[in-house]
Amino acid sequence: MLDRHEALRLYTNNAAWIAFHENERGGLSAGKMANIAVLDRPYLTMPASDIHQLRSVLTLLGGRVVHDELGSGQD
């Protein structure tokens with residue numbers, strides 16, 4: 001069974017590698033696209049039974065806000 005850290009790494013870094021985009025995505029470093037989701041609860045410490053209820057309150061794709069429940073009005 002995967003732990004949460006491994007599942008998150010597989011979904012981010014490894015997914016970028018499989019798509020041949022590891023130089024542009026999959027991690028947080030200079031020069032990579034800013035595809036980020038800010039979640040409403042802490043994925044790594046919340047009860048596993050609640051993970052399916054996680055929601056993004058802010059989502060950036062390519063460095064641009066595409067979803068915002070935090071109030072900046074750019075949604």
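Heads up: the structure comes first, above all this text.
Residues numbered from 1 in each chain as written. Predicted model: local features only at pLDDT ≥ 70, side-chain atom pairs only at ≥ 80, totals over all residues. Heavy atoms only, no water.

## Side note on the side chain of T59
Thought 1: Assignment of secondary structure puts T59 in strand 2 (residues 56-61).
Thought 2: Setting aside anything within four residues of it in sequence, one finds T59 in contact with I36, A37, R64, V65, V66 and H67. (Helix = DSSP H or I, 4+ residues; strand = E, 2+ residues; numbered from the N terminus. Contact = heavy atoms within 4.5 Å.)

## Notes on the sheet that holds strand 3 (residues 64-68)
Thought 1: If you trace the three strands from one edge of the open sheet to the other, you get 1-2-3, paired in antiparallel fashion. This sheet does not close on itself; its edge strands, each paired only once, are strand 1 (36-39) and strand 3. Going from strand to strand, the sheet's axes swing by 15 degrees on average, the running direction of each strand aside.
Thought 2: The pairing of strand 2 with strand 3 spans four bridges and is classified as antiparallel. (Pairing = 2+ DSSP bridges. Axes fitted to C-alpha atoms, helices over the stretch in contact; angles between N-to-C directions.)

Nothing here speaks to function; it is geometry throughout.
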